[in-house]
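One letter stands for each residue in the lines below.
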Amino acid sequence: MGQRTNEAMCPIQGVPLPARIVKYWTKVEQFQASKEDLLIATYPKAGTTWTQEVVDLILNDGDVEKCKRAPTQVRMPLLEMTTADDPSAGITMLEAMVPPRVIKTHLPIQLVPHSFWEAGCKVIYVARNPKDSVVSYYHFDRMNLSQPEPGPWKQYLEKFMTGQLVWGSWYDHVKEYWRKRHDKKILYIFFEDMKEDPAREVSDIAQFLGRQLSKSIIDHIVQMTTFSVMRENPMANYSTVPDTKFDRTVSEFMRKGEVGDWKNHFSAEEDAAFDEHYHRMMADCPLPIRFTI
Ligand code: PPS
């Protein structure tokens, strides 16, 4: 089993990021996007991998075999990802790819490299309710040994609420993309909507990408991207990440994929405090976030 890295967090414009990312920040900042590139942006654990699979299937007319050409993180690299063996892993992979590329990021909008906006790239932003996001993030940090040690749940929840987790404040993240969605080409979608009516969401994404797909292809994409199908797909379930990085004895990447699992984690007291804080934090931005469906 691997050892937890426990590296320092270094803020960039006040956003805590791992030291390994900050060290190569100039490379991220200077990344050259091309106008045909698509950016999939999320706060961690919002349903990024799910959306990536949907997008890849749309771009390949529902051809599952083509979408099994490589694992998610190779097909659609994380822009700011760095590793000990390759300090510019995400960018190295992206530079070797010919546009149009599908690029994943967890960066808040103010840290997205300027070239994306200068080129006029399309962006799909996925938001997930913060209670399920923090539960998912907590279990992820327990198993992902390159993330900081999460510590006890109660303290982890406080860190989430005060924006101290890696990639910063959930509140600022979801609000700032929401506010800029009309100035830039941003399709803003919700995890809960994808669970409720995946065919509608797949259709909206296809339309945003300018792809005309038949109802049968849309239905096929919905089937191929259910939680249970993706969980068994080695090219979409992160099973290619070695056990030295993901401690699967603790938790899985494809964990539950539900709306409302937070009810199994929040005490009544935590829930009341969270709701009060949430309403204060979100008072200046009427985002239609749903905690249940
Ligand atoms: S990451 O590491 O930030 O890129 O993670 P991300 O992919 O954004 O989020 C992981 C959570 O999404 C769930 N997931 C899904 N839910 C429903 N349907 C499908 N197809 C699906 N694929 C991934 C995954 O299980 C994580 O949520 P939790 O609540 O932990 O299960």
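Residues numbered from 1 in each chain as written. Predicted model: local features only at pLDDT ≥ 70, side-chain atom pairs only at ≥ 80, totals over all residues. Heavy atoms only, no water.

**A closer look at the site of the ligand**
Worth spelling out the cut-off: Neighbouring residues are identified by heavy atoms, a residue being near a molecule or strand if any of them is within 4 Å of it. Any pair of N or O atoms that falls within 3.5 Å is considered a polar contact. Within protein, one atom must be able to donate a hydrogen and the other to accept it, and sequence-neighbouring residues count only if both atoms are side-chain atoms. Computed with a 1.4 Å probe, the accessible areas rest on the Shrake-Rupley method; for each residue, only the protein chains presented here act as cover. Under the scheme used here, helices are H or I runs from DSSP no shorter than 4 residues and strands are E runs no shorter than 2 residues, and both carry numbers assigned from the N terminus. In this classification, Asp, Glu, Lys and Arg are treated as charged, Ala, Val, Leu, Ile, Met, Phe, Trp, Tyr, Cys and Pro as nonpolar, and every other residue, Gly included, as polar.
In the vicinity of the ligand there are 22 residues, among which Thr48, Thr49, Ser136, Lys256 and Gly257 approach most closely. Between an oxygen atom of the ligand and a side-chain N or O atom of serine 136, the distance comes to 2.7 Å. Coverage of the ligand by the protein amounts to 98% of the 640 Å² it exposes when considered alone. Among the elements of the structure, α3 (48-59), α8 (130-143) and α14 (227-231) are those that each provide at least two residues to the shell around the ligand. If you tally residues by element for the shell around the ligand, the top one is α3, at three residues. In terms of residue class, the shell around the ligand is built from nine nonpolar, eight polar and five charged.

**A closer look at the confidence of the model for the protein chain**
Keep this limit in mind: Confidence per residue, as judged by the predictor, is encoded in pLDDT with a range of 0 to 100.
Looking at the protein chain as a whole, the pLDDT averages 96, with 99% of positions reaching at least 70. Across the protein chain, element-level confidence peaks in strand β5 (residues 122-127) with a mean pLDDT of 99 and bottoms out in helix α1 (residues 19-23) with 88.

**Points about the pattern of salt bridges**
As a reminder, the rule being used: A carboxyl oxygen of Asp or Glu within 4 Å of a side-chain nitrogen of Lys or Arg is what we treat as a salt bridge. A simple rule labels every residue: compare its accessible area, found with a 1.4 Å probe on the protein chains alone, to the largest value its type can have, and call it buried under 20%, exposed over 50%, or partly exposed in between.
This structure, assessed with the given rule, holds 23 salt bridges. With a closest N to O distance of 2.9 Å, arginine 69 and aspartate 56 form a salt bridge. In this pair, arginine 69 is assigned in the loop between α4 (64-67) and α5 (72-75) and aspartate 56 in helix α3, connecting sequence segments 13 residues apart. We classify aspartate 56 as buried; its relative accessible area is 3%. Between arginine 248 and aspartate 243 there is a salt bridge, with the nearest N and O atoms lying 2.7 Å from each other. Taking the relative accessible area as the measure of exposure, arginine 248 reaches 30% and is therefore partly exposed. Through salt bridges with shared partners, a single ionic network connects Asp193, Glu196, Asp197, Arg200, Glu201 and Arg290.

**Section: unusual backbone geometry**
Proline 100 follows proline 99 through a cis peptide bond whose omega is 5 degrees. Despite not being glycine, aspartate 61 has its phi angle at roughly 50 degrees, a positive value. Considering the arrangement of structural elements, one finds aspartate 61 in the loop between α3 and α4. The backbone of tyrosine 238 shows a phi angle near 60 degrees, a positive value even though the residue is not glycine.

**Overview of the side chain of glutamate 270**
Our working rule: Charge assignment in this entry is limited to Lys and Arg as positive and Asp and Glu as negative, and neither His nor the chain termini are counted. Any two residues having at least one pair of non-hydrogen atoms within 4.5 Å are treated as being in contact.
Here glutamate 270 is to be found in helix α15 (residues 268-282). Here glutamate 270 occupies a buried position and makes no salt bridge, while the nearest side chain of opposite charge, lysine 154, is found at 4.2 Å. Residues in contact with glutamate 270, not counting those within four places in the same chain, are Trp153, Lys154, Leu157 and His265.

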